[in-house]
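Coordinate inspection notes
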There are 2 protein chains.
Amino acid sequence: MVRPTMEDVALRAGVSRALVSLVMRGSPKVSEMRRTAVLKAAEELGYSPHAMARSLASRTSTVLGVMVSDLHNAFFAEVVDGIDEVAREQGFDIIINTGGRSPARERRALESLLSFRPAGLILLSPVVPATAIGKAAEQLPIVLVARSSRVSTVDTVNDDGEQGARLAVDHLVSLGHKRIAHLDGGEGTQAGPRRRGYVTAMEAHGLAPQVVSSEYTDAAGARAIRSLIADGSLPTAILSCNDFNAVGAISALEDAGLRVPADVSVVGYDNTSLAALRHVSLTTIDQPRAEFGRLAALALLQRVRDERTDPVRHLLNPSLVVRNTTAPPGGLR
Amino acid sequence: MVRPTMEDVALRAGVSRALVSLVMRGSPKVSEMRRTAVLKAAEELGYSPHAMARSLASRTSTVLGVMVSDLHNAFFAEVVDGIDEVAREQGFDIIINTGGRSPARERRALESLLSFRPAGLILLSPVVPATAIGKAAEQLPIVLVARSSRVSTVDTVNDDGEQGARLAVDHLVSLGHKRIAHLDGGEGTQAGPRRRGYVTAMEAHGLAPQVVSSEYTDAAGARAIRSLIADGSLPTAILSCNDFNAVGAISALEDAGLRVPADVSVVGYDNTSLAALRHVSLTTIDQPRAEFGRLAALALLQRVRDERTDPVRHLLNPSLVVRNTTAPPGGLR
DNA sequence: CTACAGCATTGGAGCGCTCCAACCAATAGA
DNA sequence: TCTATTGGTTGGAGCGCTCCAATGCTGTAG
């Protein structure tokens, strides 16, 4: 249970501690002979460098901290994939911490991440107040994903929710739909842009928007549909605020004896793995998640290397994924 | 961008560095007067302790490393919740790293985690070879979740897959089913115990087991069903190796004009959030995921504190969650 | 044969912290 | 009055490493 140090390796290889340090950092100014001797000794002892001591001594860090607001959401997993890809190829490690959607726990996660003095921080859809982010931004570079900010030292990466909603409306209109309702995400992140995009697109087509208050869950989607049916105001197409909501909507429609897409078309948002299941096969809007992560990591590393001081605001284009929940209205297919 | 050190706080509070250290660690042998003075100075400077320097100096760590083999799987998120809960209440922080299901990447993640010299490591369903785990176990305490091990210095937490399969079979038999097929998980983790449990339970009921080779995906589940239909060997009930497989099976059954559960009953395994969707509403086997995490953290902390040296092998009981995909055979309901 | 590069190698200082032995009143006991 | 004892406080050493200035060593030019 006691790990060997550089000193041990140096002793065994018959060189100085400083030389071992050079070898470990891949310095070119070490003779081939010594290098192999050191590596051999390290191997035999099972030595691996102590990242914290290194970071302490060098006053630099090769660690990027990532705060994931909700580990349960697969959305973030793909963003992390993108971050990891870029970080790794540039010689950085990442450490993840999770906030569990609670501001208090998230704050603690932030504190914990900060105590490792990472080179920078990427926050995925954080729920902590902007002031907490601003304070952290005084200590190290920070990039926000799926959350906007006006702080000039903070970079952001977001999807263009307005455009995504527009894509969905355009698709439905091109199929011949005229009555299209939007099940709104309420307070949820990104719900605002999606709603705005929907309204704008409808008006651009000369159609009347119909916004129905709802939430990011399948139960809420089902509830919204039932109320529309009760009202007698059920349209021929539905644009849900996200995939879960859409799946709930579909299930309520089927419960009411309506067929999807023959009687009613449904479009989701996010292209979660759920949407891709053949049993669901949901037409939805895809966000370039891995690209979010890549751009976030790239932006962060630029700051870390002092290559840039102006803030970057990425707004990525979502795309439409057509599956089997959309068709022309009235079973015309 | 430059963080204050203990020295700065000491200077400002007019005390020694050692005294600040005592205050930061909440020592009782500090006069109230000095304590408040130090805390005030720290607050004004925005000081927070440097975790790495602390850990280096104290030769101890309050960090638990967690390696998640696949961040995309919500299963692990709940395990992490359990770990986090216990760790936090015992004054430990956790840092997470992901292996992305690839042994090479996982190895790197392990290396990275190790370089922080955490107090211990929890590996969630790791895919690295046992030797790599054994080697790491020489350096610090390790707990494995959803993977077994024979190494005596490593603790494990698993679900009792045999019992879970038995629960499912018992449920179907009690509904009146006699022909029950198992869509097998093949090489997948935990597929073995589930298959064994199924076979044992069938034989205990005097029924003939029918194991169909399949995989942990919805496409594989659908494929298996199609081949059963083509064979003319479709039973009245299906026990899938996991929820995804079950959903694929359901969709293939419906495509073939069969109703679930009226014509065929289907049981999944894992109780993922997918199963709970009303559109799916899958009868399935639930594993106490948060409990996995809690027990893993507890076991690890015992080792960390040298309270135990004998290995612990937790085998948790799964439970049956009845939803709407199971009913008596032949539409007798 | 000396001088001077150029290169590989090394000891020492120091990163921010903890820990320990020593220290310093102030009070208690003899 | 002198010595113990106690509670609060302090300087110094050292954790494992990096960085820097200095050192030794070749080989080549003068």
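Residues numbered from 1 in each chain as written. Chains lettered and ligands numbered in written order. Predicted model: local features only at pLDDT ≥ 70, side-chain atom pairs only at ≥ 80, totals over all residues. Heavy atoms only, no water.

Turning to the protein's contact with DNA strand C, a few remarks are in order. Near DNA strand C lie 26 residues; those nearest to it are Arg-34 of chain A together with Met-6, Ser-21, Arg-25 and Tyr-47 of chain B. Arg-17 of chain B is positioned with one of its side-chain polar atoms (N or O) 3.2 Å from a base oxygen of DNA strand C. Here a phosphate oxygen of DNA strand C sits 2.5 Å away from a polar atom, N or O, in the side chain of Arg-25 of chain B. Elements represented by at least two residues in the surface near DNA strand C include exactly helix 2 (17-24) and helix 4 (51-58) of chain A together with helix 2 (17-24) and helix 4 (51-58) of chain B. (Near = heavy atom within 4 Å. Polar contact = N/O pair within 3.5 Å; in protein donor to acceptor, adjacent residues only side chain to side chain. Helix = DSSP H or I, 4+ residues; strand = E, 2+ residues; numbered from the N terminus.)

With that settled, the discussion passes to the sheet that holds strand 6 (residues 180-184) of chain A. Sheets are built from strands paired through backbone hydrogen bonds, the pairs being either parallel or antiparallel. Residues and elements named next belong to chain A. Read from one edge to the other, the open sheet built from four strands follows the order 7-6-8-9, with strand pairing classed as parallel. The sheet terminates laterally at strand 7 (210-213) and strand 9 (265-267), the two strands that pair on one side only. Each neighbouring strand pair of the sheet contributes to a mean axis angle of 25°, computed without reference to strand direction. Note: strand 6 against strand 7, four bridges, orientation parallel. Its bridge partner being in strand 7, Leu-183 is matched across the sheet by Val-212. Strand contacts of helix 9 (residues 191-204): strand 6, strand 7 and strand 8 (237-240), with the helix running at about 165° to strand 6, the strand carrying the most contacts. Contacting strand 6, strand 7 and strand 8, helix 10 (residues 218-231) runs over the sheet at an angle of about 140° to strand 6. (Pairing = 2+ DSSP bridges. Axes fitted to C-alpha atoms, helices over the stretch in contact; angles between N-to-C directions. Contact = heavy atoms within 4.5 Å.)

A few words now on the sheet that holds strand 7 (residues 210-213) of chain B. All names here are of chain B. Taken together, four strands build an open sheet; the order of strands is 7-6-8-9 and the sheet is parallel. Looking at strand neighbours, the two that pair on one side only are strand 7 and strand 9 (265-267), the edges of this open sheet. Across the sheet, the axes of successive neighbouring strands diverge by a mean angle of 25°, strand direction being ignored. Against the sheet, helix 10 (residues 218-231) makes contact with strand 6 (180-184), strand 7 and strand 8 (237-240), and its axis sits at roughly 140° relative to strand 6, the strand it touches most.

What surrounds DNA strand D is a group of 26 residues, the closest being Met-6, Ser-21, Arg-25 and Tyr-47 of chain A together with Arg-34 of chain B. Within 4 Å of the protein, the contacting atoms of DNA strand D are 69% sugar and phosphate, with bases supplying the remainder. At a separation of 2.8 Å, a phosphate oxygen of DNA strand D approaches a polar side-chain atom of Arg-54 of chain A. Those elements that provide at least two residues to the surface near DNA strand D are helix 2 and helix 4 of chain A together with helix 2 and helix 4 of chain B. No other element matches the five residues that helix 4 of chain A contributes to the surface near DNA strand D. Considered class by class, the residues forming the surface near DNA strand D number 13 nonpolar, six polar and seven charged. (Nonpolar A, V, L, I, M, F, W, Y, C, P; charged D, E, K, R; others polar.)

Here we take up the pattern of salt bridges. Residue and element names in this part refer to chain A. Enumeration over the complete set of coordinates arrives at 40 salt bridges over all chains. A salt bridge links Arg-35 to Glu-32; its shortest N-O distance comes to 3.8 Å. Taken together, the residues span about one helical turn, with Arg-35 and Glu-32 both in helix 3 (residues 32-45) at a distance of three residues. Given a relative accessible area of 53%, Glu-32 falls into the exposed group. In this structure, the salt-bridge partner of Glu-78 is Arg-289, at a minimum N-O distance of 3.7 Å. One end of the pair, Glu-78, is in helix 5 (residues 74-89); the other, Arg-289, is in helix 13 (residues 289-304), with 211 residues separating them in the sequence. By relative accessible area, which is 28% here, Glu-78 ends up partly exposed. Residue classification places Arg-289 among the buried residues on the basis of a relative accessible area of 6%. (Salt bridge = Lys/Arg side-chain N within 4 Å of Asp/Glu carboxyl O. Buried < 20%, exposed > 50% of the residue type's maximum accessible area, 1.4 Å probe, protein only.)

What follows concerns the domain arrangement of chain A. Assigned domains of chain A: these are domain 1 (6-49), domain 2 (61-160 + 289-316) and domain 3 (161-287 + 320-331). Computed over C-alpha atoms, the centres of domain 1 of chain A and domain 2 of chain A are 35 Å apart. (Domains from an automatic or database assignment.)

Each aromatic ring pair is summarised here by two numbers: the centre-to-centre distance and the angle between the ring planes. Applying the stated criterion to the full structure yields five aromatic pairs over all chains. For the pair Phe-75 of chain A and Phe-76 of chain A, a centre-to-centre distance of 5.4 Å together with 85° between the ring planes defines the contact as edge-to-face. In this structure Phe-76 of chain A comes out as buried when scored by relative accessible area, which is 6%. Considering the side-chain rings of Phe-75 of chain A and Phe-292 of chain A, the 6.2 Å spacing of their centres and the 70° angle between planes classify their relative orientation as edge-to-face. Note that Phe-75 of chain A is positioned in helix 5 and Phe-292 of chain A in helix 13, a separation of 217 residues in sequence. Since its relative accessible area comes to 11%, Phe-75 of chain A is described here as buried. A connected cluster of aromatic rings, assembled from ring pairs, spans Phe-75, Phe-76 and Phe-292 of chain A. In this arrangement the basic side chain of Arg-194 of chain B is found over the ring face of Tyr-269 of chain B, its NZ or CZ atom lying 3.7 Å from the centre. (Phe/Tyr/Trp six-rings, centres within 6.5 Å; stacked < 30°, edge-to-face > 60°. Lys NZ or Arg CZ within 6 Å of the ring centre and 35° of its normal.)

What follows is about the interface of chain B and chain A. Between chain B and chain A, the contact holds 55 residues from the first and 55 residues from the second. The largest per-residue losses of area from chain B upon contact with chain A belong to Arg-117, Arg-278 and His-279 of chain B, which jointly make up 14% of the total buried on that side. The tally of links from chain B across to chain A stands at eight salt bridges. Here Asp-84 of chain B makes a salt bridge to Arg-105 of chain A, at a shortest N to O gap of 2.9 Å. Summed over the shared surface of chain B and chain A, the number is 20 residue pairs in polar contact (both at pLDDT 80 or more). Where the side of chain B that touches chain A is concerned, the elements lending two or more residues are helix 4, helix 5 (74-89), strand 2 (93-98), helix 6 (103-114), helix 10 and helix 11 (243-255) of chain B. In terms of residue count, helix 5 of chain B provides more of the side of chain B that touches chain A than any other element does, seven residues in total. By residue class, the composition of the side of chain B that touches chain A is 27 nonpolar, 12 polar and 16 charged. (Buried area = accessible area lost by both parts, 1.4 Å probe.)

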